[in-house]
Amino acid sequence: MNWKEITTLEEWNEIIGRSTERGQVILKHSTTCPVSSNALHEYEQYLQDTPNQDLDYTLVKVIESRPVSNKIAEDLNVKHESPQIIFIKDKAKYWDTSHWSVTKAHMAAVLD
């Protein structure tokens, strides 16, 4: 399974709207941070194994798509961090974690 990158506020609005029908998983990723690079690797490892098929997976690059990243933090009332993974259900944050806690094992424990 693959993730989709979003870069616009319109795409974000579609995702948060879709969260009433399907869970949404967002990885906020910094392309300049080694910790974030590790988190992206863990995210991809989770998706290559047997991810929860009932969820959609998205990536937001926090530097390149700053308005989207900021809007996510605002809409979900979460502190901006990167790397950060956020699981959204019914237009609200269900779970989030950041930095070294973004691991394949942690994602599997929560999402599966």
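The coordinates are above.
This text gives an overview of the structure that appears in the document. Not measured: the values here are computed from a predicted model.

What follows concerns the overall build of the chain. If you tally the helices and strands in the chain, you get 4 helices and 5 strands. Scanning the chain from its N terminus toward the C terminus, one meets helices and strands in the order β-α-β-α-β-α-β-β-α. Its C-alpha atoms give the chain a radius of gyration of 12 Å, near enough to 13 Å, the size a compact globule of 112 residues would have. Taken along its principal axes, the extent of the C-alpha atoms in the chain is 30 × 30 × 20 Å. Of the roughly 5700 Å² of accessible surface on the chain, 45% is carried by carbon and sulfur atoms. Across the chain, the mean location of the 12 positive side-chain charges is 3 Å away from that of the 17 negative side-chain charges.

The next point concerns the pairing of strand E2 (residues 23–29). By the criterion of burial, E2 is predominantly enclosed, with 7 of the 7 residues buried. Covered by surrounding structure in E2 are Gly-23, Val-25, Leu-27 and His-29 together with Gln-24, Ile-26 and Lys-28, the residues of both alternating faces. By the bridge criterion, 7 bridges tie E2 to strand E3 (residues 55–61) in an arrangement that is parallel. Paired with Lys-28 across the two strands is Val-60, which belongs to E3. Crossover E2 to E3 through helix H2 (residues 34–48) is right-handed.

Before going further, it helps to spend a moment on the packing of aromatic side chains. Here the structure, examined in full by the defined rule, presents 3 aromatic pairs. A ring pair is formed by Phe-87 and Tyr-94, whose centres lie 5.3 Å apart and whose planes are at 80 degrees; its orientation type is edge-to-face. Residue Phe-87 is classed as buried on the basis of its relative accessible area, which comes to 6%. Classification of Tyr-94 by relative accessible area gives exposed; the value is 52%. Ring pairs connect the aromatic residues Tyr-43, Tyr-46 and Tyr-57, which therefore count as one cluster. In this structure, Lys-89 packs its charged tip against the face of Tyr-94, placed 4.0 Å from the ring centre.

Conventions adopted
Residues numbered from 1 in each chain as written. Predicted model: local features only at pLDDT ≥ 70, side-chain atom pairs only at ≥ 80, totals over all residues. Heavy atoms only, no water. Helix = DSSP H or I, 4+ residues; strand = E, 2+ residues; numbered from the N terminus. Rg over C-alpha atoms; globule rule 2.2 N^0.38 Å. Areas by Shrake-Rupley, 256 points an atom, 1.4 Å probe, with all protein chains shown as cover. Lys, Arg positive; Asp, Glu negative; His and termini not counted. Charge placed at Lys NZ, Arg CZ, Asp CG, Glu CD. Buried < 20%, exposed > 50% of the residue type's maximum accessible area, 1.4 Å probe, protein only. Pairing = 2+ DSSP bridges. Right-handed = clockwise from strand over helix to strand, strands pointing away. Phe/Tyr/Trp six-rings, centres within 6.5 Å; stacked < 30°, edge-to-face > 60°. Lys NZ or Arg CZ within 6 Å of the ring centre and 35° of its normal.

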